[in-house]
Amino acid sequence: MQTVHAYDLKIGIQGTEPEIWRRLLLPETVTVPEFHRVLQAAFGWENRHLYGIRCTDPQGAKRVIIGPDEAAEEMDDEPASGVVLFELLDAERTGPADLEYEYDFGDAWTHTVEVMGRTEPPEKTVRCTDGANRGPVEDSGGPHGYRRVIEVLADPGNPEYEDVAGWYESATGQDPATFAPTVFETAALNARLDELALQLWPEPPTDGEIDAVVRPVHWFLSQVPADGLELTKDGYLKPAFVKETFHALGLDDRWIGKANREVQTLPVLHLREQLQSWKLLRKSKGRLLLSPAGRKMHDGGRQLWDYLADAVGKPPEKAAVVVNGLVVRWLLDGNTPRWDERQRIIADTLNVEGFRTKAGAPIPLDLARELYLRIHWTLDCLKLTVPAQHFTVLPALTDGGRKFLLQVQSLLHRG
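These notes cover the structure that comes with them. No experiment lies behind these values; they were computed from the predicted model shown.

1. Digging into the side chain of Thr245
Thinking step 1. Following the sequence through the fold, Thr245 ends up in helix H7 (residues 239-248).
Thinking step 2. Sequence-distant contacts of Thr245, defined by excluding residues within four places in its chain, comprise Trp219, Phe220, Leu251 and Val268.

Here's what the structure looks like:
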């Protein structure tokens, strides 16, 4: 495997006691948005807030770089996209660098950078070689607030314990009794960085990955004869076809029941309705027919993959673009919030973006929940994940699922 020129950096969070730090090896060619994503993973941040870099570059120019780009435009600063790390840091100048990365301008988490030297790891890799202490809890009030969290949770007799413990459980979904601020595992972080590297430098999907991801859609289309499928008098798929679809697509791990009526077998119902929404199927005179697009996609493969990615990545509603972007990012980053938090985050994000109901009111939680379920059911019509061992465990993406969502993400950003 080829090697690349890379930085050996020690990055610490200013004001933390004991200091939270990581030693990272990362290619000189990473962009500032990629650097941001590495630090998000390295310190366990959840990528909910703006970020920025203040530095004096090797040419002596002072720069303020803000991400994402739309925030930079509003603040009249330099946008992060397109800026490469080697423009900002000289690997030969070891010691504390005149560069700070700040995350969450409200809590003001300032990360300082020390250049330890140059290294040459394998290409397309990011590595952590050392570090100390778990990352701070998101939205804990900056270094001072987080020190207070550590102090209170260490003493169940503290009069503030119940309040802080309740906040911690709500913020993290974890039992406060398990909070261990001094624990840090290099191997666990490197597993996350390996996953991130696959996103930063993705390989094109293989034929096998394409076939696996689009299989539910391809299989269904392939079962529709030229004269269509006869529907029940109420417009549903016939029980025999529902049962055949259920077992052929291995939906047993997602639904419990006889699977002989479409209205009571939601994975099959959602798949059929989604294929109509994607304009691959249409109803006519009591039959379900292939649309012109469905006939064109009948053979599956890359053409169908691109068609589906385009459909998910370019939804007609502007609010769906925002929600799809959030959900896709959660899945790619492996940090999907708890169920009760998802709707709140979606509602807050849409309201900040200026969306309102038809009556002009802020987006309510029930509408946010509906928008989330819509993209959840949409993605469930594809084979993106490894079957979960238990319904309470969020399933992991397959390699093909990751590549598909990365393509969707690029379309959402472009839109």
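So much for the structure itself; the text now carries on.
2. Comments concerning the nonpolar core
Thinking step 1. Val217, Phe220, Leu237, Trp278, Leu280, Leu308 and Phe404 are the most contacted members of the largest nonpolar core, which has 60 residues in total.
Thinking step 2. By residue number, the principal contributor to this core is helix H11 (residues 318-333), which donates 8 residues.
Thinking step 3. If we skip the residues at most four places from it in the chain, Trp278 touches Val217, Tyr307, Leu308, Ala311, Val312, Thr378, Cys381 and Leu382.
Thinking step 4. Core analysis: the next-biggest nonpolar cluster, separate from the first, contains 49 residues, Ala41, Phe43, Trp109 and Cys128 among them.

3. Some points on the pattern of salt bridges
Thinking step 1. The full count for this structure, using the stated rule, is 29 salt bridges.
Thinking step 2. Between Arg54 and Glu100 there is a salt bridge, with the nearest N and O atoms lying 3.0 Å from each other. Taken together, the residues span a long stretch of sequence, with Arg54 in strand S3 (residues 51-56) and Glu100 in strand S6 (residues 95-103) at a distance of 46 residues.
Thinking step 3. Where Asp194 meets Arg127, a salt bridge forms, and the shortest distance between an N and an O atom there is 2.9 Å. Of the two residues, Asp194 is situated in helix H5 (residues 186-200) and Arg127 in strand S8 (residues 127-132); the sequence distance between them amounts to 67 residues.
Thinking step 4. What makes Asp194 partly exposed here is its relative accessible area of 37%.
Thinking step 5. One network of salt bridges, in which partners are shared, links Asp57, Arg63, Glu78 and Glu87.

4. Some details on the environment of Leu39
Thinking step 1. If you trace the backbone, Leu39 turns up in helix H1 (residues 32-43).
Thinking step 2. As for Leu39 and His111, which are separated by 72 residues in sequence, their C-alpha atoms are 9.1 Å apart.
Thinking step 3. Ignoring any residue separated from it by four or fewer positions in sequence, one finds Leu39 in contact with Ile11, Leu24, Trp45 and Tyr101.

5. Observations regarding the pairing of S6
Thinking step 1. Relative to S6, S3 is paired through 5 bridges, and the arrangement is antiparallel. Residue Cys55 lies in a different strand from S6, and its bridge partner there is Leu99.
Thinking step 2. Pairing analysis gives 6 bridges linking S6 to strand S7 (residues 109-119), with the strands arranged antiparallel. Paired with Pro96 across the strands is Glu114, a residue of S7.

6. Brief notes about the packing of aromatic side chains
Thinking step 1. Scanning the entire structure with this criterion turns up 11 aromatic pairs.
Thinking step 2. Centre to centre, the rings of Tyr146 and Phe179 are 6.3 Å apart; their planes meet at 85°, and the pair counts as edge-to-face. You can see Tyr146 sitting in helix H3 (residues 142-153) and its partner Phe179 sitting in the loop between helix H4 (161-172) and H5, a full 33 residues away along the chain.
Thinking step 3. Taking the centre distance of 5.3 Å and the plane angle of 80° together, the rings of Phe220 and Phe241 count as edge-to-face. Within this pair, whereas Phe220 is found in helix H6 (residues 207-222), its partner Phe241 is found in helix H7, the two being separated by 21 residues in sequence.
Thinking step 4. Exposure remark for Phe220: the relative accessible area of 0% places this residue in the buried category.
Thinking step 5. For Lys10, the ring lying beneath its charged end belongs to Trp21, and the centroid distance is 4.6 Å.

7. Things to note about the sheet that holds strand S5 (residues 78-79)
Thinking step 1. Read from one edge of the open sheet, 8 strands run S5-S4-S3-S6-S7-S1-S2-S8, paired in mixed fashion. Both edges of this open sheet fall to S5 and S8, since each of them pairs with a single strand only.
Thinking step 2. Across the face of the sheet, H1 comes into contact with strand S1 (6-13), strand S2 (21-27), S3, strand S4 (62-67), S6 and S7 while running at roughly 145° to S2.
Thinking step 3. Relative to S8, H5 is tilted by about 145°, and along the sheet it contacts S2 and S8.

8. Considerations on the sheet that holds strand S11 (residues 287-290)
Thinking step 1. Spatial ordering of the open sheet is given by S9-S11-S10, a layout of 3 strands whose pairing is antiparallel. At either end of the open sheet lies a strand with only one pairing partner, and these are strand S9 (229-230) and strand S10 (281-284).
Thinking step 2. Bridge count between S9 and S11: 2 bridges; the pairing is antiparallel. Pairing of Leu229 across the sheet is with Leu288, part of S11.
Thinking step 3. Along the sheet face, helix H8 (residues 266-277) touches S10 and S11 and points at about 95° away from the line of S10.

9. Focus: a nonpolar patch on the surface
Thinking step 1. Together, Leu50, Met75 and Phe105 make up a nonpolar patch on the protein surface, roughly 220 Å² of accessible area in all.
Thinking step 2. By the secondary structure assignment, Phe105 is in the loop between S6 and S7.
Thinking step 3. Classification of Phe105 as partly exposed rests on a relative accessible area of 30%.

10. Let's talk about the layout of surface pockets
Thinking step 1. By volume, the second largest pocket amounts to about 600 Å³.
Thinking step 2. Secondary structure elements with two or more residues in the lining of the second largest pocket: H8, helix H10 (301-313), H11 and helix H13 (365-380).
Thinking step 3. Here the lining of the second largest pocket gets 6 residues from one element, more than from any other, and that element is H13.
Thinking step 4. By residue class, the composition of the lining of the second largest pocket is 12 nonpolar, 5 polar and 7 charged.

What counts, and where the lines are drawn
- Residues numbered from 1 in each chain as written.
- Predicted model: local features only at pLDDT ≥ 70, side-chain atom pairs only at ≥ 80, totals over all residues.
- Heavy atoms only, no water.
- Helix = DSSP H or I, 4+ residues; strand = E, 2+ residues; numbered from the N terminus.
- Contact = heavy atoms within 4.5 Å.
- Core = buried A, V, L, I, M, F, W, Y, C linked by side-chain atoms within 4.5 Å.
- Buried < 20%, exposed > 50% of the residue type's maximum accessible area, 1.4 Å probe, protein only.
- Salt bridge = Lys/Arg side-chain N within 4 Å of Asp/Glu carboxyl O.
- Pairing = 2+ DSSP bridges.
- Phe/Tyr/Trp six-rings, centres within 6.5 Å; stacked < 30°, edge-to-face > 60°.
- Lys NZ or Arg CZ within 6 Å of the ring centre and 35° of its normal.
- Axes fitted to C-alpha atoms, helices over the stretch in contact; angles between N-to-C directions.
- Patch = residues over 30% accessible without salt bridge, like charges linked within 9 Å, V, L, I, M, F, W, Y side chains within 5 Å.
- Areas by Shrake-Rupley, 256 points an atom, 1.4 Å probe, with all protein chains shown as cover.
- 1 Å grid on protein atoms, 1.4 Å probe; cavity = no way out; pocket = protein on both sides within 12 Å on 5 of 7 lines; lining within 4 Å.
- Points joined across faces, edges and corners; volume = space filled by probe spheres on them.
- Nonpolar A, V, L, I, M, F, W, Y, C, P; charged D, E, K, R; others polar.

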